[in-house]
Amino acid sequence: MSKDGLKKINKFTSNSLEDTLIFGKDISKSLPDRGIIFLKGDLGSGKTTLAKSIINALTKTPFYLITSPTFTYVHTYNGPKTIHHFDCYRIKTSAEFIELGLSDYLDSLCLIEWPENINRLISQPHLTITLRYKASGKREITYE
């Protein structure tokens, strides 16, 4: 929050896959050991690509070993930092998230794709990163 009480919103334009990967690496430098990062955007907007970049930077896990947790809901990566990568696309309610035991992970560093499905659970402050398609394959990335 800024001093006047409004959320500070930052924007970045990604012109390529490489730009998105660089953005992920750069933003990972400012992430705490514990916290929640929401990754929002349409299907195919680059959420998983951004997550891979952040996970690689924080854990040194090779890109080819970082996969979307679409069917398992969460993958955990250990390294210099531990990070939990969630995909909540198939989760329909916060209650389902809790029933699956996934809320147990929320006291560490978490990247959550499709947080709209569980955001009522998250009361602590969090970083929201939104990816939007723009003309010619570009993406606007906003974060607050």
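Source: prediction; values computed, not measured.

*Asks:* Can you help me understand the pattern of salt bridges in this one?
*Replies:* Pairing is possible between side chains that carry opposite charge, provided their charged atoms lie close to one another. Taken as a whole, this structure holds 4 salt bridges when the rule is applied. Residue Lys 81 is joined to Asp 33 by a salt bridge in which the shortest nitrogen-to-oxygen separation is 3.5 Å. Here Lys 81, found in the loop between β3 (74-77) and β4 (83-87), pairs with Asp 33, found in the loop between α1 (17-28) and β2 (35-41); they are 48 residues apart in sequence, far enough to count as distant. A cluster of three or more residues bridged by salt bridges with shared partners is formed by Lys 11, Arg 132 and Glu 140.

*Asks:* What's the story with unusual backbone geometry in this structure? I'm lost.
*Replies:* Look at Lys 60: it is not a glycine, yet its phi comes out positive at around 65°. Following the sequence through the fold, Lys 60 ends up in the loop between α2 (47-59) and β3. Under the relative-accessibility criterion, Lys 60 is labelled exposed at 57%. Notably, Tyr 73 is not glycine yet its phi reads approximately 75°, a positive angle. Looking at the element boundaries, Tyr 73 is found in the loop between α2 and β3.

*Asks:* Is there a simple way to think about the nonpolar core in this case?
*Replies:* Ranked by size, the top nonpolar core spans 19 residues in total, and within it Ile 37, Ile 54, Ile 83, Leu 111 and Ile 129 carry the most contacts. Taken together, the elements giving at least two residues each to this core come down to α1, β2, α2, β5 (109-113) and β6 (126-133). In this structure, Ile 83 is in contact with Ile 54, Ile 55, Leu 58, Thr 59, His 75, Thr 76, Tyr 77, Leu 109 and Leu 111, ignoring residues within four places of it in sequence. Counting residues in hydrophobic clusters, the runner-up holds 15 residues, among them Tyr 73, Phe 86, Ile 91 and Phe 97.

*Asks:* How should the pairing of β3 be read in this particular structure?
*Replies:* Pairing geometry for β3 and β4, over 4 bridges, is antiparallel. Each residue of the ladder has a partner; that of Thr 76, found in β4, is His 84.

*Asks:* Explain the environment of Gly 101 here, please?
*Replies:* Structurally, Gly 101 is set in the loop between α3 (94-99) and β5. You can call Gly 101 partly exposed: its relative accessible area is 23%. The sequence separation of Gly 101 and Glu 140 amounts to 39 residues, and the corresponding C-alpha distance is 34 Å.

*Asks:* Where do I start with the sheet that holds strand β7 (residues 139-143) in this structure?
*Replies:* Strands in a sheet are paired, the pairing made by backbone hydrogen bonds, and the direction either parallel or antiparallel. Spatial ordering of the open sheet is given by β1-β7-β6-β2-β5-β4-β3, a layout of 7 strands whose pairing is mixed. Edge strands, defined here as strands with exactly one partner in the open sheet, are β1 (10-14) and β3. This sheet shows a mean twist of 15° between the axes of neighbouring strands, independent of strand direction. Both β1 and β7 contribute to a ladder of 5 bridges, which runs antiparallel. Bridged to Asn 10 within β7 is Tyr 143. Lying over the sheet, α1 contacts β1, β6 and β7, oriented at roughly 145° with respect to β1. Packing against the sheet, α2 makes contact with β2, β3, β4, β5 and β6, and its axis sits at approximately 165° to β5.

So, how was this worked out
Residues numbered from 1 in each chain as written. Predicted model: local features only at pLDDT ≥ 70, side-chain atom pairs only at ≥ 80, totals over all residues. Heavy atoms only, no water. Salt bridge = Lys/Arg side-chain N within 4 Å of Asp/Glu carboxyl O. Helix = DSSP H or I, 4+ residues; strand = E, 2+ residues; numbered from the N terminus. Buried < 20%, exposed > 50% of the residue type's maximum accessible area, 1.4 Å probe, protein only. Core = buried A, V, L, I, M, F, W, Y, C linked by side-chain atoms within 4.5 Å. Contact = heavy atoms within 4.5 Å. Pairing = 2+ DSSP bridges. Axes fitted to C-alpha atoms, helices over the stretch in contact; angles between N-to-C directions.

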